[in-house]
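Now for the letters of each chain:
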Amino acid sequence: MFNLSDQDLKCRILGCGDGPAGFNAELTQRGGKVISIDPIYRFSVNQIRQRINDTYDKIMEQMRNNKSAYRWTSITSLDELSSIRMSAMETFIADYETGKAEARYIEGELPHLPFDDNSFDIALSSHFLFLYSSHFSEEFHVQALLEMLRISREVRVFPLLCLDGKPSPYVREVMARLNEGGFKAEISSVSYEFQRGANKMLRVMPG
């Protein structure tokens, strides 16, 4: 979803709002340098596991009710999706305590990140910015992206849709404000598309 090349995966990567995902564990196993930040990391491994168990059936029911909003090509069924997601969560759970001890999972949230300037090469935001446009203002998005740009030389955000599957109303104005601030903001197509229409990311770099 982020068009990450083999060279990109060798960079210093920050994942913002990563939650209980397996990306950090898998990239670390491959020798990558990645830190994940999320408010959920204030909880213990057992608390996170319980939270997953408490919400998982509801999430899958929502997927079942909105099945037509997704492309069932690379993932062919709800059962396969369930298996993939639970596998990713188990990978995360197995790595969580080690990752916390190694400071790879850090409690925190946008728009204020506990890192020095230029600490990372690439900062990623998956399924948070723009997705929750009804919950967070345009100004919040601008400040969040500026903070990510403070600590990294490049930012990538995916997807650019809201929860209802419609394009976020903030994207164009946020891009304009970033461009006016001396950055280069552009929309790039990606090969990944599970949610219909969610096949683009925002990429921002110094101008």
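Before any of the text, the structure's been laid out above.
Cut-offs and rules
- Residues numbered from 1 in each chain as written.
- Predicted model: local features only at pLDDT ≥ 70, side-chain atom pairs only at ≥ 80, totals over all residues.
- Heavy atoms only, no water.
- Helix = DSSP H or I, 4+ residues; strand = E, 2+ residues; numbered from the N terminus.
- Buried < 20%, exposed > 50% of the residue type's maximum accessible area, 1.4 Å probe, protein only.
- Polar contact = N/O pair within 3.5 Å; in protein donor to acceptor, adjacent residues only side chain to side chain.
- Contact = heavy atoms within 4.5 Å.
- Pairing = 2+ DSSP bridges.
- Axes fitted to C-alpha atoms, helices over the stretch in contact; angles between N-to-C directions.
- Phe/Tyr/Trp six-rings, centres within 6.5 Å; stacked < 30°, edge-to-face > 60°.
- Lys NZ or Arg CZ within 6 Å of the ring centre and 35° of its normal.
- Arc of directions from axis to C-beta.

A.B. asks: So what about the side chain of R156? Which residues, and what values?
C.D. replies: The topology assignment puts R156 in strand β5 (residues 152-158). What makes R156 buried here is its relative accessible area of 2%. In this structure the side chain of R156 is engaged in a polar contact, spanning 3.2 Å, whose partner is the side chain of D8. The residues touching R156, leaving out its near neighbours within four places in the chain, are F2, N3, L4, D8, I122, A123, L124, S125, M201, L202 and R203.

A.B. asks: Tell me about the sheet that holds strand β4 (residues 120-126), residues and numbers included.
C.D. replies: Read from one edge to the other, the open sheet built from seven strands follows the order β3-β2-β1-β4-β5-β7-β6, with strand pairing classed as mixed. Taken across any chain shown, the strands that pair with only one partner, and hence form the sheet edges, are β3 (105-106) and β6 (183-189). In this sheet, β3 lies alongside strand β2 (residues 33-37) in parallel orientation, the contact comprising two bridges. In the sheet register, I37 faces β3, and the bridge partner there is I106. Taken strand by strand, helix α4 (residues 138-151) contacts β1 (12-16), β4, β5, β6 and β7 (200-206), and its axis lies near 140 degrees from that of β5.

A.B. asks: Give a description of unusual backbone geometry that names residues and reports values.
C.D. replies: In this model, L110 is joined to P111 through a cis peptide bond whose omega is 10 degrees. Put simply, F158 and P159 share a cis peptide bond, and its omega is -10 degrees. Within the chain, N3 stands out as a residue other than glycine whose phi angle is a positive 55 degrees. With respect to the helices and strands, N3 occurs in the segment before β1. For N118, which is not glycine, the phi dihedral falls at a positive 55 degrees. By the secondary structure assignment, N118 is in the loop between β3 and β4.

A.B. asks: Which residues make up the packing of aromatic side chains, and what are the values?
C.D. replies: Taken as a whole and assessed by the stated rule, the structure comprises 16 aromatic pairs. Taking the ring centre of F43 as reference, the NZ or CZ of R42 above it sits at 5.8 Å.

A.B. asks: With reference to specific residues and values, describe helix α5 (residues 171-180).
C.D. replies: Given 3.6 residues per turn, any residue in an α-helix points the same way as the ones three and four places further on. Looking only at α5, the buried set comprises V171, V174, M175 and L178. The buried residues of α5 occupy an angular sector of 100 degrees when projected down its axis, which confines them to one face. Facing away from the buried surface of α5 by more than 90 degrees, the exposed residues are R172 and E180.

A.B. asks: Account for the side chain of S152, naming residues and giving values.
C.D. replies: Mapped onto the secondary structure, S152 falls in strand β5. On the basis of relative accessibility, which here comes to 3%, the residue S152 falls in the buried class. Separated by 2.7 Å, the side chain of S152 and the backbone oxygen of M148 make a polar contact. Only 3.1 Å separates the side chain of S152 from the backbone oxygen of E154, close enough to count as a polar contact.

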